[in-house]
Amino acid sequence: MKIVFEKVSIWMMVASLGFIVSSLIVILSVHYWAHTEAGKVPPKTAVLLHAVHNNLVTPDMKRPKFFANNGAPSFTNEMIEIPVADGTSIEGKMYRPIGKGPYPIILYYHGGAFMEGYGSIHTHDNIVRSLASRTNSIVIAVAYRVAPKHPFPAAIEDGYDALLWAYDQAEEIGGDKENIAVAGDSAGGNIATVVTLMARDREGPDIKAQALLYPLTTFQDIEFDSRMKYDSGYYLLSRGVMMRARDTYTPDEDLWIHEYTSPLEAENLYKLPPAIVITAEFDPLRDEGEAYARRLAEHGVPVETIRYNGVMHGFISFYEVMYRGNHGLDQSARFLRASFDEEPAYQPYNLQVYNGSTTRSMQIRDQAEAYAIGSFLLGKQAISIFENNK
């Protein structure tokens, strides 16, 4: 009996030692990943960047099941066809609340550098789905046409045609044509705000609000600090991709100054809808997004600008595993809901900076989740190495 007890004790000690060693490996790995080329990033950001750059996850990563919240669906979704001006049609995906309505309508333009293979309504489906739930609105993801096959102005014309279609079909789909907003991220943020310019210039449908997530706002060669500091591609957007996007979407250099490609350069930004502009600290597009928000405010447009420190370009796509992403999406939804009820009051430009939760419990939870994901990634890498060496 004594021998059996001693063997069990030894195995328990070995197991405990193994757990301690593996935990230390995870902790040290996460801290190592956190030291990036442009400075230290939070643990959650570090593990996601490591995962993306090692092809362990994609930017539309799903939330692990042990973090997920279960609940009954509150909306339906369906693929739709949206007619456009040249007589053809483009795809869309529509999320609609379950109920009678009428509901506000939000048109969402996905990011993806204006180019084929960099983004679609499917890669951004988690944002669209959550936006519908958080705003209790009909949200239509617009599959606008992209370069190189369809250079400028195909994307913005498709975006504007989708606005016209939503306005004309509002009653049929259970929507409220008096409460329409636009939203988009990165290149899609550019399209969203350009659509507001087009609607104003062409006397189109009234747009209640615009939500711009780390938008590209100028094709000009401006030496913004963020462009020079974070353009290597490690933070999910490289200078090479930006240059390729410009060359394929706007092959004619004269277009780079056009207000419908570079709204930051527009002379007149008056009478545009209220805006929320979300930017990220480690993002080459950070400074131009904030510069555009400042110009909107200078032209009398109510605008709320929030910079999220400690995160990279595209961080809201990771809202299911990243607290700051969830917070940014929640702030965007809050702004849209409020704008449908009443136009936000104008205030002088003010950049808000969000450094993350100040509560100790949330900080502990965020760090614990980072280590949990880090452990998962290390395990996945180990399996991959083992299989490759068979």
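Data block above holds the structure.
Computed from a prediction, not measured in an experiment: that's the story for all the values here.

S.K.: How should I be thinking about the overall build of the chain in this particular structure?
M.R.: Check the secondary structure of the chain and you find 11 helices and 11 strands. Looking at the chain residue by residue over its 390 residues, the buried ones come to 54%. Long-range pairs, those at least 24 residues apart, make up 79% of the contacts in the chain with a sequence separation of at least 6. A total of about 18300 Å² of accessible surface is found on the chain, and carbon and sulfur atoms cover 55% of it.

S.K.: Which parts of the structure should I look at to understand the side chain of Asp161?
M.R.: Assignment of secondary structure puts Asp161 in helix H4 (residues 154-168). The buried charged residue Asp161 lacks any salt bridge, with Arg202 as its nearest oppositely charged partner at 5.9 Å. Each residue touching Asp161, except ones within four places of it in the same chain, is listed here: Ile82, Pro83, Val84 and Ala85.

S.K.: I tried to follow the nonpolar core on my own but got confused; where do I start?
M.R.: A general trend in soluble globular proteins is that nonpolar side chains are found buried together. By size, the foremost hydrophobic cluster in this structure holds 64 residues, and its most contacted members are Leu107, Tyr109 and Ile140. Looking at which element gives the most residues to this core, the answer is helix H6 (residues 187-201), with eight residues. Those residues in contact with Ile140 that lie beyond four places of it in its chain are Ile80, Ile82, Lys93, Met94, Ile105, Ile106, Leu107, Tyr108, Trp165, Ala166 and Ile173. Grouped together as the second largest cluster of nonpolar side chains are 43 residues, Ala46, Tyr230, Phe318 and Phe335 included.

S.K.: Is there a simple way to explain the sheet that holds strand S8 (residues 209-213) in this structure?
M.R.: In any sheet, the strands associate via hydrogen bonds between backbone groups, in a parallel or an antiparallel arrangement. Read across the open sheet, the nine strands follow the order S3-S4-S6-S5-S7-S8-S9-S10-S11; overall the sheet is mixed. Single-partner strands in this sheet number two, and they are strand S3 (75-83) and strand S11 (351-354). The sheet shows a mean angle of 20° between the axes of neighbouring strands, direction not considered. Where strand S4 (residues 89-97) lies against strand S6 (residues 138-142), four bridges are found, and the strand directions are antiparallel. Counterpart to Met94 in the pairing with S6 is Ile140. Against the sheet, H4 touches S3, S4, strand S5 (103-109), S6 and strand S7 (175-185), its axis set at about 115° to S3.

S.K.: Explain the environment of Asp252 here, please?
M.R.: Examined against the element boundaries, Asp252 turns out to sit in the loop between helix H8 (239-249) and strand S9 (275-282). With 100 residues separating them in the primary sequence, Asp252 and Phe152 have C-alpha atoms 9.5 Å apart. Looking at Asp252, its side chain comes within polar contact range of the main-chain nitrogen of Asp254, at 3.0 Å.

S.K.: Could you clarify how one ought to interpret the pairing of strand S10 (residues 303-312) in this entry?
M.R.: Regular strands place their side chains on alternate faces of the sheet. Most of S10 sits out of view: 10 of its 10 residues are buried. Where S9 and S10 come together, seven bridges link them in parallel fashion. For Ile276, the partnering residue across the bridge sits in S10 and is Glu304. Note that the unit made of S9, helix H9 (residues 286-298) and S10 has a crossover that is right-handed. As paired elements, S10 and S11 share four bridges and run parallel to each other. Along S11, the bridge assignment pairs Thr305 with Leu351.

S.K.: Whenever I open this one, the environment of Glu223 confuses me. Can you help?
M.R.: Topologically, Glu223 is positioned in the loop between S8 and helix H7 (225-229). Given the relative accessible area of 65%, Glu223 is considered exposed.

S.K.: Explain unusual backbone geometry here, please?
M.R.: Residues other than glycine predominantly adopt negative phi, and peptide bonds predominantly adopt the trans conformation. A cis amide bond links Gly101 to the next residue, Pro102, at an omega of 5°. Of note, Pro102 is situated in the loop between S4 and S5. For the bond running from Ala147 to Pro148, omega is 5°, close enough to zero to count as cis. Residue position: Pro148 is located in the loop between S6 and H4. Of note, Asn136 is a non-glycine position whose phi angle comes to about 50°, a positive value. Position of Asn136 relative to the elements: it lies in the loop between helix H3 (125-135) and S6.

S.K.: Got a minute to help me understand empty space enclosed by the protein in this structure?
M.R.: Which parts of space are left empty comes out when a probe the size of a water molecule is rolled across the atoms. Counted under the stated rule, the structure contains one cavity of 30 Å³ or more. Reported here for the largest cavity is a volume of approximately 40 Å³. Lining the largest cavity, in full, are Tyr108, Ile127, Leu131, Ala183, Ala211, Leu213, Leu329 and Ser332. When residues of the lining of the largest cavity are traced back to their parent elements, those giving at least two are H3, S8 and helix H10 (323-341).

Thresholds, definitions, all that
- Residues numbered from 1 in each chain as written.
- Predicted model: local features only at pLDDT ≥ 70, side-chain atom pairs only at ≥ 80, totals over all residues.
- Heavy atoms only, no water.
- Helix = DSSP H or I, 4+ residues; strand = E, 2+ residues; numbered from the N terminus.
- Buried < 20%, exposed > 50% of the residue type's maximum accessible area, 1.4 Å probe, protein only.
- Contact = heavy atoms within 4.5 Å.
- Areas by Shrake-Rupley, 256 points an atom, 1.4 Å probe, with all protein chains shown as cover.
- Lys, Arg positive; Asp, Glu negative; His and termini not counted.
- Salt bridge = Lys/Arg side-chain N within 4 Å of Asp/Glu carboxyl O.
- Core = buried A, V, L, I, M, F, W, Y, C linked by side-chain atoms within 4.5 Å.
- Pairing = 2+ DSSP bridges.
- Axes fitted to C-alpha atoms, helices over the stretch in contact; angles between N-to-C directions.
- Polar contact = N/O pair within 3.5 Å; in protein donor to acceptor, adjacent residues only side chain to side chain.
- Right-handed = clockwise from strand over helix to strand, strands pointing away.
- 1 Å grid on protein atoms, 1.4 Å probe; cavity = no way out; pocket = protein on both sides within 12 Å on 5 of 7 lines; lining within 4 Å.
- Points joined across faces, edges and corners; volume = space filled by probe spheres on them.

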